[in-house]
Structure formats: structure tokens, C-alpha cells
Amino acid sequence: MEIWPDIGDTGSMACILSKSVIVFALGMISAFGLTAPAPSTGAVVQFAAPDQPAAKLPEPCSVLVRGTFVSLGNCAKLRADGSFSISRAAIVRLRFGRDGLASIAIRGRGYAYVRRDGRALLVPTFDNGPDEFADGLVRVKIGERFGYANTRLLLVIPAEYDGALPFANGRARACIDCTLATDGEHTWYKGGQNLCLD
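None of these values were measured; they are calculated from a predicted model.

Turning to the layout of surface pockets, a few remarks are in order. One water molecule sets the probe size; rolling that probe over the atoms shows where empty space is left. By volume, the second largest pocket amounts to about 300 Å³. Lining the second largest pocket are Val63, Leu64, Val65, Arg66, Arg93, Leu94, Arg95, Gly97, Leu101, Ala102 and Ser103. Listing elements by their share of the lining of the second largest pocket, those giving two or more residues are β5 (59-65) and β8 (101-106). Partitioning the lining of the second largest pocket into residue classes produces six nonpolar, two polar and three charged.

If you want it as C-alpha cells, here you go:
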């Protein structure tokens, strides 16, 4: 039987907003349509989460090894708070960095950062890889909204924005009621209410 780790506290949320009108420009970003190889067939894996009803089946995920996606099987289970719980069988196959995080790809959703305890959050795909941390924060996607998490994968700015850019010099641009636009190579946000987060 596969046991899902207990993720525990999702952390506190805080955000300070200041007004600013901006034009968003994102270079080389992909929408969350990353594909990964099909999981291997064979063994039946049972999943149990003590604090979550087993309402949804685990989703296939992969890890990038020397330029090739390697299947981790159906290892990602969506939690009620919008995070994912990654199976222990997959966790032991991941290479964690000094920050205590590893990255995986969840089929049809995109990249996610994973903690050693199995908590994972989706991040935007940028330049064919997971979005990087800037100023100690990374953009995360929960449902259809963006927020920001720290290196412990705790939300520090709630996922309440329709678009968001990475932090730089202590500030980030976000928008509400904006949409993605593209010219085929570059993608940016347009319309809506633009905000500066600090």
C-alpha cells in the first residue's frame, strides 16, 4: 500500500499591494500543457491520505533526467487546498537540491516543486522548465489563479491573481481580470487591473 505523506500546515498568507499601471511582457513562457511519457503499466498502487477523502485518482508525473522525461507513475494527488501530495515511492526517486526542493512534471498541468515531505505546488513553465525562485519567492498556480510561495512551499501571497510575473528587487507585477496574449513566440498579459506587489 502506498501511503501519502502528511503535509501539515499550509502556512500563513500576507500581501501588501501598491498601485501601478504596467504592461506585462513574458518571454518564452508556455501555458501548463506540458506532456510527459505514459506511466509504466503493471503493479496496482493503492493510495491513502489520512486527512483527505480519496475522491480523485492520482495523476501521472515524470522527472527530467539528462534531457529525457522518466515516468514516476501515477504519483501526484490533488489536495483540497490546491497543492499536490506526491507518493513516497516517487519522492525516493527525486534529486533534492540544497533548498530541499525537487521538480517534477505533472501530465497536463506542468511543472511542480516538491518538498521532501511530499507537498508540491504547480509553478509556471518558463523557458522549457519550472519557473525559478527570485527574491526567495516563486510564482505558483492554484486552480486558475497565481500567487507566490517561499522555498518551504508556503504561500506568502495568496493565489488571487489571473496573471503574475516573478519578483525582482522586492517587487512583482500581477493582474486581476487580465488575459494571456501571444504573437506565437512571446506571451504577455493584457487588460484587467494591474498591480505592483511588494
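Here we come to the state of the cysteines. Tallied over the full model, the rule gives two disulfides. Linked covalently through their sulfurs, Cys61 and Cys75 form a disulfide whose S-S length is 1.6 Å. Within this pair, whereas Cys61 is found in strand β5, its partner Cys75 is found in strand β6 (residues 68-78), the two being separated by 14 residues in sequence.

With that settled, consider the confidence of the model for the protein. Of all residues in the protein, 72% have pLDDT values of 70 or greater, and the mean over the chain is 77. pLDDT under 50 marks residues 1-55. Its contacts with residues more than four places away, or in other chains, come to 141 contacts.

This part takes up the packing of aromatic side chains. Scanning the entire structure with this criterion turns up three aromatic pairs. Between Tyr113 and Phe133, the aromatic rings sit 5.3 Å apart at their centres with planes inclined by 45°, giving tilted as the arrangement. In this pair, Tyr113 is assigned in strand β9 (residues 110-115) and Phe133 in the loop between β12 (129-130) and β13 (138-142), connecting sequence segments 20 residues apart. Exposure remark for Tyr113: the relative accessible area of 11% places this residue in the buried category. Each ring, one from Tyr148 and one from Phe167, has its centre 4.9 Å from the other, and the planes form 80°; the classification is edge-to-face. Highlighted residues: Tyr148 in strand β14 (residues 145-149) and Phe167 in the loop between β16 (163-164) and β17 (172-176), separated in sequence by 19 residues. Exposure class is identical for Tyr148 and Phe167. Each is buried.

The next subject is unusual backbone geometry. Even without glycine at this site, Asn128 takes up a positive phi of about 65°. Assignment of secondary structure puts Asn128 in the loop between β11 (125-126) and β12. For Asp135, which is not glycine, the phi dihedral falls at a positive 55°. Inspection of the secondary structure puts Asp135 in the loop between β12 and β13. The partly exposed category is assigned to Asp135, whose relative accessible area is 47%.

Moving on to the pairing of strand β19 (residues 187-190). Burial of β19 is one-sided: the residues Thr187 and Tyr189 facing one way are buried, the residues Trp188 and Lys190 facing the other way are not. Bridging between strand β18 (residues 179-182) and β19 involves four bridges; their strand directions are antiparallel. The partner of Leu180 across the bridge, within β19, is Tyr189. What sits between β18 and β19 in their antiparallel hairpin is a turn of four residues, with Gly184 showing a positive phi close to 100°.

One finds Cys61, Leu72, Phe84, Ile86, Leu94, Ile104 and Ile106 to be the most contacted residues of the largest nonpolar core, which totals 18 residues. Of all elements in the fold, only β5, β6, β7 (84-86), α1 (88-91), β8, β9 and β10 (119-122) reach the threshold of two or more residues within this core. Leave out the neighbours within four places in its chain, and Leu72 touches Cys61, Ser62, Val63, Ala90, Arg93, Leu94 and Ile104. Membership of the second largest hydrophobic core comes to 14 residues, among which are Phe146, Ala164, Phe167 and Leu197.

Quick notes on the rules
- Residues numbered from 1 in each chain as written.
- Predicted model: local features only at pLDDT ≥ 70, side-chain atom pairs only at ≥ 80, totals over all residues.
- Heavy atoms only, no water.
- 1 Å grid on protein atoms, 1.4 Å probe; cavity = no way out; pocket = protein on both sides within 12 Å on 5 of 7 lines; lining within 4 Å.
- Points joined across faces, edges and corners; volume = space filled by probe spheres on them.
- Helix = DSSP H or I, 4+ residues; strand = E, 2+ residues; numbered from the N terminus.
- Nonpolar A, V, L, I, M, F, W, Y, C, P; charged D, E, K, R; others polar.
- Disulfide = S-S within 2.5 Å.
- pLDDT = per-residue confidence, 0-100.
- Contact = heavy atoms within 4.5 Å.
- Phe/Tyr/Trp six-rings, centres within 6.5 Å; stacked < 30°, edge-to-face > 60°.
- Buried < 20%, exposed > 50% of the residue type's maximum accessible area, 1.4 Å probe, protein only.
- Pairing = 2+ DSSP bridges.
- Core = buried A, V, L, I, M, F, W, Y, C linked by side-chain atoms within 4.5 Å.

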